[in-house]
Amino acid sequence: MNELLGVMRRLRGPGGCPWDQEQTHESLRPYLLEEAAEAADAVTAGDPAELAGELGDVLLQVAFHSVIAEETGTFSYAEVERGIVDKLVRRHPHVFGETQVAGSDEVVANWQAIKAAEQGGRVRPPSAKVPSGLGALAREAAAQKLAGARPDARAAREALEQALAGADGDAHAVADVLGAAVAWARALGVDAELALRDHTSRTLAELDRAAGGDGRA
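Residues numbered from 1 in each chain as written. Predicted model: local features only at pLDDT ≥ 70, side-chain atom pairs only at ≥ 80, totals over all residues. Heavy atoms only, no water.

## Some points on the overall build of the chain
Across its full length, the chain carries 12 helices and zero strands. When its helices and strands are written in sequence order, the chain yields α-α-α-α-α-α-α-α-α-α-α-α. For the chain, whose C-alpha radius of gyration is 22 Å, the value lies well above the compact-globule estimate of 17 Å for 217 residues. Overall, the chain is about 60 × 60 × 35 Å in size when its C-alpha atoms are taken along their principal axes. Across the 217 residues that make up the chain, the buried fraction comes to 18%. Counting only contacts in the chain whose residues sit at least 6 apart along the sequence, the fraction spanning at least 24 positions is 52%. Put simply, the chain shows about 14600 Å² of open surface, and 58% of that area lies on carbon and sulfur atoms. Taking the average location of the 22 positive side-chain charges in the chain and that of its 34 negative ones, the two points are 6 Å from each other. (Helix = DSSP H or I, 4+ residues; strand = E, 2+ residues; numbered from the N terminus. Rg over C-alpha atoms; globule rule 2.2 N^0.38 Å. Buried < 20%, exposed > 50% of the residue type's maximum accessible area, 1.4 Å probe, protein only. Contact = heavy atoms within 4.5 Å. Areas by Shrake-Rupley, 256 points an atom, 1.4 Å probe, with all protein chains shown as cover. Lys, Arg positive; Asp, Glu negative; His and termini not counted. Charge placed at Lys NZ, Arg CZ, Asp CG, Glu CD.)

Okay, structure coming up:
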């Protein structure tokens, strides 16, 4: 990691790379999202070498942001690393402390309680709990989860059918159908975002085969 940080400092420093020197936290946002998405795709692909490479690209983003912050004196990579290590230890008292848990549900409950205590007991509004950088289906699923328990599969399917029957072709109607589809997926225990990503990947693979290629540049 020190070598990676050293490379980034060289790229950002005098005589370095003009493109790298121009970047800011804001300009790098699309790349952070893109690299995380590509790492998720590599998990689906099941290729360990590809996953290792994509995780390296994610780590590059961590180094890039850390070096930019280092230059402005806002934080350093050491603080990033220290912060996540301390958080993991603090939020796993059943591993690093004396707390006893009966299963993963209690682990999650303890995590949330500790997180709330760290924030001084302040309750964040729902909008602050759902990152805007998530995909639209993932954001809808998170919002629905905040709104209440997972719906019954039969009721969710009926709601979806009603949304489709009442759709009149405008954007709001389409959004209602998509929201109902996400609720149905949640009721079935399916991650709608990942399901659609996999579906799209299969469609693109079929297009590649039809075009006589393998999809690789």
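There's more to say after this.
## Quick word on the environment of R91
With respect to the helices, strands and loops of the structure, R91 is situated in the loop between α5 (77-90) and α6 (93-96). Exposure remark for R91: the relative accessible area of 6% places this residue in the buried category. For the pair R91 and R157, spaced 66 residues apart in sequence, the C-alpha to C-alpha distance is 37 Å. Excluding anything up to four places from it in sequence, R91 contacts W111, I114, K115 and E118.

## A closer look at helix α10 (residues 153-166)
Because the α-helix completes a turn every 3.6 residues, residues three or four places apart line up on one side. Between its first and last C-alpha atoms α10 spans 20 Å; for 14 residues at 1.5 Å apiece the expected length is 20 Å, and the two agree. Here α10 has its buried residues at A156, L160 and A163. End-on view of α10: buried residues confined to an arc of 60 degrees, all on one side of the axis. Relative to its buried face, α10 has exposed residues pointing more than 90 degrees away, namely R154, Q162, A165 and G166. In the core, the buried residues of α10 are packed alongside α11 (171-187). Of the residues that open α10, the one with a side-chain oxygen 3.0 Å from the backbone nitrogen of R154 is D152. (Expected span 1.5 Å × (residues − 1). Arc of directions from axis to C-beta. Polar contact = N/O pair within 3.5 Å; in protein donor to acceptor, adjacent residues only side chain to side chain.)

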